[in-house]
Amino acid sequence: MNGTATPSPPNAEQAKALLDQAGQVGSSVRSGASWPAISFLLGLGAVSSMGIIAFTYARLAPGAPIALPAVLMGVWALILMGTVFFFTRTNKRGFGLRWAIYMGLWGVLWFAGMMLPAFGLFQGEVWFAGLVAVLLTASTTSCAWYEARR
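So, how was this worked out
Residues numbered from 1 in each chain as written. Predicted model: local features only at pLDDT ≥ 70, side-chain atom pairs only at ≥ 80, totals over all residues. Heavy atoms only, no water. Helix = DSSP H or I, 4+ residues; strand = E, 2+ residues; numbered from the N terminus. Buried < 20%, exposed > 50% of the residue type's maximum accessible area, 1.4 Å probe, protein only. Contact = heavy atoms within 4.5 Å. Phe/Tyr/Trp six-rings, centres within 6.5 Å; stacked < 30°, edge-to-face > 60°. pLDDT = per-residue confidence, 0-100. Expected span 1.5 Å × (residues − 1). Salt bridge = Lys/Arg side-chain N within 4 Å of Asp/Glu carboxyl O. Patch = residues over 30% accessible without salt bridge, like charges linked within 9 Å, V, L, I, M, F, W, Y side chains within 5 Å. Areas by Shrake-Rupley, 256 points an atom, 1.4 Å probe, with all protein chains shown as cover. Arc of directions from axis to C-beta.

This next bit is on the overall build of the protein chain. When its secondary structure is counted, the protein chain shows four helices and zero strands. The helix and strand sequence of the protein chain, counted from the amino end, reads α-α-α-α. Scored against the burial criterion, the 150 residues of the protein chain give a buried share of 29%. In the protein chain, once contacts between residues fewer than 6 apart in sequence are set aside, the share between residues at least 24 apart is 79%.

Here it is in structure tokens:
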């Protein structure tokens, strides 16, 4: 033999303590993985809902540049995306499918809020912009809360 002793297996109490410790480490890793995505969802909801309202008012104001809300929203969307990509190192199991659902829901609402008025439907209708903004806020917030509770 090379002189190293073979470690003895842990007794039942030690094994239970090791399993509890492993469970806590795994839980904290999964929970920490969600916070960048949760922050992204909340920020995306805020930027999107306020953007819809800003675009609507810019279309209503004669001579108002629509580029200003577009640029500001784009900058904040890039900041949010950069933050989530920079800080997200791992994801919870199943998060990929949920993320696709979250982004699909956001995309449908955003498309409705931006493109329907651009094609003449609900153009200049503040109530429609408000409804889309509320739906964007409710959907992204509920998705973020769902992730925070997992």
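The final tally for this structure, using the stated rule, is six aromatic pairs. Each residue in the set Phe55, Trp106 and Trp110 is aromatic and connected to the rest through ring pairs, giving one cluster.

Now for the confidence of the model for the protein chain. A residue-level look at the protein chain finds 81% of positions with pLDDT of 70 or above and a mean pLDDT of 82. Model confidence for the protein chain, summarised as mean pLDDT per element, is weakest for helix α1 (residues 12-60) at 76 and strongest for helix α4 (residues 126-149) at 93.

Moving on to unusual backbone geometry. Backbone geometry at phenylalanine 122 places phi at a positive 60°, although glycine is not the residue there. Position of phenylalanine 122 among the secondary structure elements: in the loop between α3 (95-118) and α4.

Between its first and last C-alpha, α4 extends 34 Å over 24 residues, near the 34 Å set by a 1.5 Å rise per residue. Among all positions in α4, only Phe128, Ala129, Val132, Ala133, Leu136, Ser139, Thr140, Cys143, Ala144 and Glu147 are buried.

With that out of the way, let us pick up the pattern of salt bridges. Pairs can form between side chains of opposite charge once their charged atoms are near each other. Taken as a whole and judged by the stated rule, the model has one salt bridge. For arginine 98, the salt bridge goes to glutamate 147, with nearest N and O atoms at 2.6 Å. In this pair, arginine 98 is assigned in helix α3 and glutamate 147 in helix α4, connecting sequence segments 49 residues apart.

Here we come to a nonpolar patch on the surface. On the surface, Leu121, Phe122, Trp127, Leu131 and Leu135 cluster together into a nonpolar patch covering about 470 Å² of accessible area. On the secondary structure map, leucine 135 appears in helix α4. The partly exposed category is assigned to leucine 135, whose relative accessible area is 37%.

The next thing to look at is the environment of glycine 113. By the secondary structure assignment, glycine 113 is in helix α3. Look at glycine 113 and you get buried, because its relative accessible area is 5%. In this structure, the C-alpha to C-alpha distance between glycine 113 and isoleucine 52, residues 61 residues apart in sequence, is 6.3 Å. In this structure, glycine 113 is in contact with Ile52, Phe128 and Val132, ignoring residues within four places of it in sequence.

This next bit is on helix α2 (residues 67-87). Taking 1.5 Å per residue, 21 residues should reach 30 Å; α2 reaches 30 Å between its end C-alpha atoms and fits that length. Along α2, the residues that are buried comprise Pro69, Met73, Ala77, Leu80 and Val84. Down the axis of α2, the sector holding all buried residues measures 65°, keeping them to one side. What points out from α2, more than 90 degrees from its buried face, is the exposed set Leu68, Val71, Leu78, Phe85 and Phe86.

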